[in-house]
Amino acid sequence: MKVVIYHNPACGTSRKVLARLKEAGLEPEVVQYLKTPPDRKTLKALLKQMGKGVRDILRKRGTPYEELGLGDPSVKEEAIFAAIEAHPILIERPIVVVGDKAALCRPPEAVEALLG
């Protein structure tokens, strides 16, 4: 079973989730999304797996969220995807994929639902 974590090693939550995956005996593919951000197609596929919209994964704190006006409901999805492509720090983390399921694992205990 394929396991992927979109990870930021500077984030405590992300580190906890990665440790939990390893404790479960899994060896996830670790994608440091700030260095290797998912492209728009991959991000859309992740959102579909999670049953979420792009606004659901936007990180506000420590990002250009406010200065880009992304809180404005009139900002279209495609503009949000473009902002994420330019500023991958806008992606909330960690996103974990286990087989055909995916979730934003914030709080870190959310990973348990993926592990079954």
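Above: the structure in question.
Residues numbered from 1 in each chain as written. Predicted model: local features only at pLDDT ≥ 70, side-chain atom pairs only at ≥ 80, totals over all residues. Heavy atoms only, no water.

With that out of the way, let us pick up the pattern of salt bridges. A side chain of one charge can pair with a side chain of the opposite charge if their charged atoms are brought near each other. Within this structure, the stated rule accounts for seven salt bridges. Where Glu-29 meets Lys-2, a salt bridge forms, and the shortest distance between an N and an O atom there is 3.6 Å. Remark: Lys-2 occurs in the segment before strand S1 (3-7) and Glu-29 occurs in strand S2 (residues 29-32); sequence separation between them is 27 residues. For Lys-2, a relative accessible area of 56% gives the class exposed. Note that Arg-59 is salt-bridged to Glu-92, the shortest N-O span being 2.7 Å. Here the residue Arg-59 occupies a position in the loop between helix H2 (40-50) and helix H3 (77-86), and Glu-92 occupies one in the loop between H3 and strand S3 (95-98), the gap between them amounting to 33 residues. Linked through salt bridges whose partners overlap, the residues forming this network are Arg-40, Lys-44, Glu-78 and Glu-85. (Salt bridge = Lys/Arg side-chain N within 4 Å of Asp/Glu carboxyl O. Helix = DSSP H or I, 4+ residues; strand = E, 2+ residues; numbered from the N terminus. Buried < 20%, exposed > 50% of the residue type's maximum accessible area, 1.4 Å probe, protein only.)

Attention shifts here to the nonpolar core. With 24 residues, the main nonpolar core has Tyr-6, Leu-70, Ile-84 and Ile-95 as its most contacted residues. Listing elements by their share of this core, those giving two or more residues are S1, H2, H3, S3 and strand S4 (101-104). Among all residues touching Ile-84, those that are not within four sequence positions of it are Leu-43, Val-54, Leu-58, Leu-90 and Ile-91. Leu-18, Leu-26, Val-98 and Val-111 belong to the second-largest nonpolar core, a separate cluster that totals twelve residues. (Core = buried A, V, L, I, M, F, W, Y, C linked by side-chain atoms within 4.5 Å. Contact = heavy atoms within 4.5 Å.)

This part covers H2. When we look at burial in H2, the residues that qualify are Leu-43, Leu-46, Leu-47 and Met-50. Down the axis of H2, the sector holding all buried residues measures 100°, keeping them to one side. Of the residues in H2, the exposed ones pointing more than 90 degrees away from the buried face are Lys-41 and Lys-48. (Arc of directions from axis to C-beta.)

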